[in-house]
Amino acid sequence: MISEKGNKSGLYSHPNVFLEDHINGVIGIARQILGEIPEWFYIPLAFHDFGKATRYFQDYIQGRKNAGKLTNHSYLSAVFCVNIASKLGFEDRLVESCIFPLKHHTDLKNLKGTLNDIIKRETKITLKKQIEALDIDGLKKFFQNIEIPKSIKDFLLRQDTIQNLKKDLMEFLDNEFIEKCTSALDRIDVNFYEFNFYFSVLLDADKTQAGSGSDTLPQPKLPDFQRIESYKSHLSKGQADIIKRRETAFREVMENFDKGKGSRVFTLVLPTGMGKTLTGLSVALKLAKEGGHKRIIYSLPFLSIIDQTEMVLRNGLNLKSSEELLVYHHLAEPTYKESDKEYDFDVGRVFYEGWNSGVILTTFYQLFYTLLGLENGYLRRFNKFKDTIIILDEIQALPPDYWLFVKESLNHLSQNLNARIILMTATNPFIYEGGEAFELVEKSKYRKGLNRYRMVIELQGRGIEELAKEVAERVEREKDKSFLIILNTIASSQNFYKILRGIVDVPMTYLSTAVVPYERKERIKGIKEGRYRVMVSTQVVEAGMDIDFDVVYRDFAPLDSLNQSAGRCNRNGDRSVGEVRVVKLKNEKDEEFARKIYDGIVLLNTTEELLKNLSDLREEEFLELIDKYYEMVWDKKSPDRSKKLLESVKQLKYEQLTEFKLIKEEPYKHQVFVVLNDEARKVLERVKGVIRNVRNGQWKIWEARSELEKIKAHFYSFVINVNLGRSGDSIPIDEDLQIYVIDSDVLKQYYDEEVGFYPRDIDLIW
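All residue numbers refer to positions counted from 1 along the written sequence of the respective chain. Owing to the predicted nature of the model, reporting of local features is limited to residues with pLDDT of at least 70; listing and counting of side-chain atom pairs is limited to 80 or more, with chain, interface and lining totals taken over all residues. The side-chain numbers reported here are obtained from all heavy atoms of the structure, hydrogens and water having been left aside.

A.B. asks: Any chance you could explain the packing of aromatic side chains here in plain terms?
C.D. replies: Centre distance and the angle of the planes are the two values used to describe a pair of aromatic rings. Each pair of aromatic rings taken from Phe, Tyr and Trp, with Trp reduced to its six-membered ring, is defined by centres within 6.5 Å and is described as stacked if the planes are under 30 degrees apart, edge-to-face if over 60, and tilted in the remaining cases. Within this structure, the stated rule accounts for 41 aromatic pairs. Their ring planes at 5° and their centres at 3.8 Å tell us that phenylalanine 50 and phenylalanine 80 sit as a pair that is stacked. Here the residue phenylalanine 50 occupies a position in the loop between helix H2 (42-47) and helix H3 (55-61), and phenylalanine 80 occupies one in helix H4 (residues 74-87), the gap between them amounting to 30 residues. Burial classes: relative accessible area under 20% of the type maximum marks a residue as buried, over 50% as exposed, and values in between as partly exposed (1.4 Å probe, protein chains only). The buried category is assigned to phenylalanine 50, whose relative accessible area is 0%. Three or more aromatic residues link up through ring pairs in this structure, and these residues are Phe364, Tyr365, Phe368, Tyr369, Tyr378, Tyr402, Phe405 and Phe660. Strands are runs of DSSP state E lasting at least two residues, helices are runs of H or I lasting at least four, and both sets are numbered from the N terminus onward.

A.B. asks: Hey, could you run me through the environment of isoleucine 242 in this one?
C.D. replies: Tracing the backbone shows isoleucine 242 in helix H15 (residues 241-260). With 33 residues separating them along the chain, isoleucine 242 and glycine 275 place their C-alpha atoms 9.7 Å apart.

A.B. asks: In this structure, what is going on with the sheet that holds strand E22 (residues 739-742)? I would like to understand it.
C.D. replies: The pairing of strands in a sheet happens through backbone hydrogen bonds and is either parallel or antiparallel. Pairing is mixed in the open sheet, where four strands are placed in the order E20-E19-E22-E21. Each edge of the sheet is formed by a strand with only one pairing partner; in this case those strands are strand E20 (719-723) and strand E21 (733-734). Relative to E22, E21 runs antiparallel, the two sharing two bridges. When the bridges of E22 are listed, aspartate 734 appears paired with isoleucine 739. Paired strands are those between which DSSP finds at least two bridges.

A.B. asks: Teacher, can you tell me more about helix H17 (residues 303-316) here?
C.D. replies: Residues lying three or four places apart along an α-helix face the same way, a consequence of the helix completing one turn every 3.6 residues. Every helix has an expected span of 1.5 Å times one less than the residues it contains. For H17, which comprises 14 residues, the first-to-last C-alpha distance of 19 Å matches the rise-based estimate of 20 Å (1.5 Å per residue) to within 8%. Within H17, burial applies to Ile305, Ile306, Gln308, Thr309 and Leu313. Seen from one end, H17 has its buried residues packed into an arc of 170°, which puts them on one side. We call two residues in contact when some of their heavy atoms are within 4.5 Å. Those residues of H17 that are buried are in contact with helix H16 (276-291), strand E4 (295-300), strand E5 (325-328), strand E8 (359-363) and helix H24 (517-528). Asparagine 318 sits one or two positions beyond H17 and adopts a positive phi of about 60°. Summarising the geometry, the arc corresponds to the directions from the helix axis toward the C-beta atoms.

A.B. asks: Looking at this model, I keep getting lost on the sheet that holds strand E15 (residues 534-537). Mind explaining?
C.D. replies: If you trace the seven strands from one edge of the open sheet to the other, you get E14-E15-E13-E16-E17-E12-E18, paired in mixed fashion. Both edges of this open sheet fall to strand E14 (508-511) and strand E18 (616-618), since each of them pairs with a single strand only. Neighbour-to-neighbour, the strand axes of this sheet turn through a mean angle of 15°, independent of strand direction. Of the pairings in the sheet, the one linking strand E13 (residues 483-486) to E15 comprises four bridges and is parallel in character. Pairing of isoleucine 485 across the sheet is with valine 536, part of E15. Contacts from H24 reach E14 and E15, with the element oriented near 135° to E14. Interaxial angle, 0 to 180 degrees, is taken between N-to-C directions of lines fitted to C-alpha atoms, where a helix line uses only the stretch in contact.

A.B. asks: Quick question: what am I supposed to make of the packing of helix H25 (residues 559-566) against helix H28 (residues 619-636) here?
C.D. replies: Running from N to C, H25 and H28 cross one another at 155°; their axes reach a closest spacing of 10 Å. Classed by the angle they form, the pair H25 and H28 counts as roughly antiparallel. Taken as a pair, H25 and H28 cross one another with a handedness that is left-handed. Facing H25, whose interface residues are Leu559, Asp560, Leu562 and Asn563, H28 presents Phe622, Leu623, Leu625, Ile626, Tyr629 and Tyr630. Split by residue class, the contact of H25 with H28 holds eight nonpolar, one polar and one charged. An angle counts as roughly parallel when it lies under 35 degrees, as roughly antiparallel when it exceeds 145, as roughly perpendicular when it falls between 65 and 115, and as oblique in every other case. Crossings are sorted by hand: turned counterclockwise from the far helix by less than a right angle, the near helix makes the crossing left-handed, and turned clockwise it makes it right-handed. When residues are sorted by character, Ala, Val, Leu, Ile, Met, Phe, Trp, Tyr, Cys and Pro go into the nonpolar class, Asp, Glu, Lys and Arg into the charged class, and all the rest, Gly among them, into the polar class.

A.B. asks: So what exactly am I meant to see when it comes to the side chain of threonine 363 here?
C.D. replies: Positionally, threonine 363 belongs in strand E8. Those residues in contact with threonine 363 that lie beyond four places of it in its chain are Ser299, Leu300, Leu303, Ile306, Tyr328 and His329.

A.B. asks: Help me understand the pairing of E14, please; the structure alone is not making it clear to me.
C.D. replies: Looking down a regular strand, the side chains alternate between one sheet face and the other. Here E14 shows two buried faces, one formed by Met508 and Tyr510 and the other by Thr509 and Leu511. Judged from the four bridges that link them, E14 and E15 form a sheet pairing that is parallel. Bridge assignment links methionine 508 to a residue of E15, and that residue is valine 534. A crossover counts as right-handed when, viewed with the strands pointing away from the observer, the path leading from the first strand over the helix to the second turns clockwise. This β-α-β element, E14 to H24 to E15, shows right-handed connectivity.

A.B. asks: Please explain the nonpolar core as it appears in this structure.
C.D. replies: Grouped burial of nonpolar side chains is what soluble globular proteins tend to show. Grouping buried Ala, Val, Leu, Ile, Met, Phe, Trp, Tyr and Cys residues that are joined through side-chain atoms within 4.5 Å yields what is termed a nonpolar core. Among the nonpolar cores identified, the biggest contains 199 residues, and Phe41, Phe47, Phe50 and Phe177 are the most heavily contacted of them. Residue contributions to this core peak at ten residues, all from helix H13 (residues 192-212). Apart from the residues within four sequence positions on either side, phenylalanine 41 is in contact with Leu34, Phe100, Tyr198, Val201 and Leu202. Judged by nonpolar contacts, the second largest core, of 41 residues, contains Leu487, Phe593, Val674 and Val722.

Limitation: the analysis is restricted to geometry and does not speak to function.
Encoded structure:
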């Protein structure tokens, strides 16, 4: 340990932070994550900032002079690390010794291209100037002060090593560096998952130490299993058949747990409303306790059900502190609060970004982009997959093209990082086939006798006005029933709502992504409180949203989407049999709306093939049909996209992994801020004020970023992502933010208080 300030190297890594103090903090955090640090890993871990030991960087960091490119440190750090790794016999770790320091501030794309940059004459000239500018006396003290294995330290402190350091690096750069790195990258035995894991440890430790000044991470806390039992007992009062089934399923899962607890992958297939969330968490907690796992990552496809699940965890299980629960997505507030301590915003954000919690609730997008390591910020969290229970809820929402890739990736996490996987779904997509995962319940058992709804199928094709009149007549006639109408495009749903609103006068609401999130949240609350008899929506309501209606109309869609819609009908089985009516809507050109948004021809055609000769199905019969659907999709879908991704993983070709897309790119859409009310006005002005403070020199960039992070979630609650069509020519772009803004003086021209953004010249889609 370092004690005397006079013994310091005099080299700084960050303002007022000695290089050795930063590195020892990084090593301390890495040791906390790993337990024991492999000897080879000390090289990139301890020397990823070696290039900061030049006169150019020291002048810059101490505010004396900025020498431009000569202050860069990553390339020189890579040259040093590969040189030392070679001399110490770590030839099998040259890829890591090169890439980790080289890329610790950037993304892992085009690795060979980055190496080729070093061959360029101007780059080599810069590197040689940096080598000449190394502070050898400072480095000698730095080597003495860092907490690395004796074998490495003894080599670095040898007289010949110190005396010949500059000459040795010059020769190595000229004669060996590129060849060694390139040949190492050409090896086919580099394990993508191990590579990502160790790089993630370095990134996490480096960012945490630099951002918080700490040499330790917060300790994650897993909730006690008894909290779930207590919450369940509160929920399980009553005699409804669905409650009995839910409790029976829970008990069966707990009994089966002992039989399968040695498995790596589990499936929990239960119909909608059977309590998968609490049951899955219970399994995860038992697995964690028995296997010594540190955390649970609970992943869901959509933000709407993230919010819903968060309410269960915070209010039902009383998970309040960030050590216990961390909700992570692009709109969440990046703060970190321990039970007995609250960090300032910047330090809290560092811990938040690192997923330092017992339960991390996040989206599929965040989980899989972290797994792929496409960007530095995502990859930092990869190490949190180690010794973790990963729950993927609503797994059927993953595109079938990626099933094989997802399966192989999850298998590698379980094999390489001691992760356990729980896949939860109301159906059973063929990600894992029979025998490949342990089934926690017999899926068919809980389908038998289910009769919450009957499905009526009408595929002859109809228009919006015709359907609106039918629904209006039923709403007037069946006064004791509530109605949910789910249509495929925003435009068709808005037009349907307007027509229906004009011919029937009942409490009614509308939901789609054309409505700002601020208002959507309030409407969902109203739906749950029973304020509306009729709701018109796009498929934004489908996945797991806890809403309940007597009658559901659904425009034609792939069978898995129809199943999600059906899950909003008589959800708790506490009323008479509900009705799910599948219709096929067409526009005035006789075009199906379904074909406008679902690009999966296989999915639509398979659905039509299965339903074309059917007119009426009980819930149990429909659920059995879904198994057939997934089997047919698995047979028809090409595995080429997954195989291409797997080959890219094998070869560390990160740039090709960008082809993995969970969110469909929609370049025709634009972000629009809607000044809906005074609250929107205030947050808009606050953001604009931050930008102006940077421009006039009052704030530094890092201060602005910190302030914007604090208000990001609030700001985006008034932002919609829509196709502007010709409206984009007249909606002004805010000069400060470079984003379209619908201000209050033109609000009614573009934004309808009931159906949201409502231009009439284009056909919007959800």
